[in-house]
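Examining the three-dimensional arrangement
What follows is each chain in one-letter form.
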Amino acid sequence: MIERERDECVNGSGATDVHVSVLADEIIAGLAPRSGGRYIDATLGLGGHTARMLEASSPDGRVLGIDRDPEAIARARARLLPFAGRVTIVEGHFSEIEMHAARHGFLPVHGVIADLGISSLQLDTGGRGFSFLHDGPLDMRMGPVVGETAQAMLERLDVDALAEILRSYGEQDRPRAVARAILRARDEGALSSTKDLARVVERAVGRRPGTAIHPATRVFQAIRIAVNRELVELERFLAGLARLVVPGGRVAVISFHSLEDRLVKRAFEGPKAEPSPHKLPVAPDVEPSSWLRVSRRPITPSAAEVERNPRARSAKLRVAERV
Ligand SMILES: C[S@@+](CC[C@H](N)C(=O)[O-])C[C@H]1O[C@@H](n2cnc3c(N)ncnc32)[C@H](O)[C@@H]1O
């Protein structure tokens, strides 16, 4: 059986030198860049979406690209050479987007995009530890020198804490049983690589007949989200956007799993008014939302895109306009 990692949080073609950006036409249509505009790509990756933003905003639109991964930045820098003078690239976290925007003259901006998760470069480089299809150290840090590795995190967690991570970030079935199996392997000294982790999980939960999805997929997702504090990063990013984007400016976000999509959806919906207890006509006592959703439903890839790039399968794009 062909083993497939679930498409969550990854994009690209699988071959790092033939990188394919997910929902590229749709995100550009949603952002609607124009010449003279200032835009931010909060997840530069290999620069695919940024290149499209620069083309669509020529001759003089500018883009600030942010990524926490220096390897991705080096690749994007080379790819974006033809646009030198119109693109600024910074290594950093998108939770600090306001600081980066202010520092580089992108305040306010006419639009922001984010394409969440990990890139094909990260997933397909065994040494980064994101994939059970390639043997590698249990690292999983998006920025490869900052913070705790997956190995270090697993060294310090107890069963309760690991089970909670697997449950809330991986929506894992039987999280305690899986956590116990992982920590038993750790205590026996049998947990030092991605293949070790995949083997332990497969032994603990077995394979669901007829599925090409490896049983360790959710465990890898959960550990990666915890190591990189991905949901905290996303919440901070979303919270800062309204202070950054001009009225009429757009934000377009691609997410790859329900935990992210829920946060994005909620941020664009804005606060909900409490209904009046007696159905009396009272003014709602909440701030109106800063955003107008451009489409109610998320935009998903066409069958042709999924055929070309199976990793795009679970992508969801939401676009909102600053009011
Ligand atoms: C799916 S890839 C983006 C691919 C890109 N849109 C393209 O077309 O090439 C996601 C990128 O976001 C980066 N990233 C994820 N979380 C981040 C964060 N909190 N701050 C900055 N960059 C982040 C990852 O390092 C990765 O390179």
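A brief report on the enclosed structure follows.

Considering the overall build of the protein chain
If you tally the helices and strands in the protein chain, you get 13 helices and seven strands. In the protein chain, 72% of the contacts between residues at least 6 apart in sequence involve partners at least 24 apart.

What to know about the sheet that holds strand 5 (residues 245-255)
Backbone-to-backbone hydrogen bonds join strands into a sheet, with any given pair of strands oriented parallel or antiparallel. Spatial strand order, 3-2-1-4-5-7-6: seven strands in an open sheet with mixed pairing. At either end of the open sheet lies a strand with only one pairing partner, and these are strand 3 (87-91) and strand 6 (291-293). Here the strands of the sheet are splayed against their neighbours by 20° on average, with no regard to which way each runs. Pairing between strand 1 (residues 38-41) and strand 4 (residues 109-115): three bridges, direction parallel. Counted as the bridge partner of I40 is V112 from strand 4.

Thoughts on the packing of helix 7 (residues 159-170) against helix 8 (residues 175-187)
In helix packing, the relevant descriptors are the interaxial angle and the interaxial distance, both defined with respect to the helix axes. Orientation of helix 7 relative to helix 8, taken along the N-to-C sense of each, is 125°, at an axis distance of 8 Å. Judged by the angle between their axes, helix 7 and helix 8 are oblique. Crossing of helix 7 against helix 8: the hand is right-handed. Within the contact between the two elements, helix 7 uses V159, D160, L162, A163, L166 and R167 and helix 8 uses P175, R176, V178, A179, R180, I182 and L183. Its residues assigned to classes, the contact of helix 7 with helix 8 shows nine nonpolar, no polar and four charged.

Quick notes on the site of the ligand
As a matter of local geometry, the ligand sits amid 24 residues, with S21, H49, D67, D115 and E233 nearest to it. Here E233 contributes a side-chain N or O atom positioned 2.7 Å from a nitrogen atom of the ligand. When the free accessible area of the ligand is taken as 600 Å², the share hidden by the protein chains comes to 99%. Across the shell around the ligand, the residue classes tally to six nonpolar, 13 polar and five charged.

As for the environment of P82
Mapped onto the fold, P82 is located in the loop between helix 3 (70-79) and strand 3. A residue is classified by how much of its surface remains accessible, and P82, at 69% relative accessible area, is exposed. Put simply, P82 and A51 are 31 residues apart on the chain and 9.3 Å apart in space, counted from C-alpha to C-alpha.

Notes on unusual backbone geometry
Following S58, the chain continues to P59 via a peptide bond in cis, the omega torsion being 10°. Relative to the elements of secondary structure, P59 occurs in the loop between helix 2 (48-56) and strand 2 (62-67). At the junction of L107 and P108, the peptide bond is cis and its omega measures out at 0° in the coordinates. Summarising the element assignment, P108 is placed in the loop between helix 4 (97-103) and strand 4. A positive phi angle, close to 50°, is found at R229, a residue other than glycine.

Definitions and limits used
- Residues numbered from 1 in each chain as written.
- Predicted model: local features only at pLDDT ≥ 70, side-chain atom pairs only at ≥ 80, totals over all residues.
- Heavy atoms only, no water.
- Helix = DSSP H or I, 4+ residues; strand = E, 2+ residues; numbered from the N terminus.
- Contact = heavy atoms within 4.5 Å.
- Pairing = 2+ DSSP bridges.
- Axes fitted to C-alpha atoms, helices over the stretch in contact; angles between N-to-C directions.
- Parallel < 35°, antiparallel > 145°, perpendicular 65-115°, else oblique.
- Left-handed = near helix turned anticlockwise from the far one by under 90°.
- Nonpolar A, V, L, I, M, F, W, Y, C, P; charged D, E, K, R; others polar.
- Near = heavy atom within 4 Å.
- Polar contact = N/O pair within 3.5 Å; in protein donor to acceptor, adjacent residues only side chain to side chain.
- Areas by Shrake-Rupley, 256 points an atom, 1.4 Å probe, with all protein chains shown as cover.
- Buried < 20%, exposed > 50% of the residue type's maximum accessible area, 1.4 Å probe, protein only.

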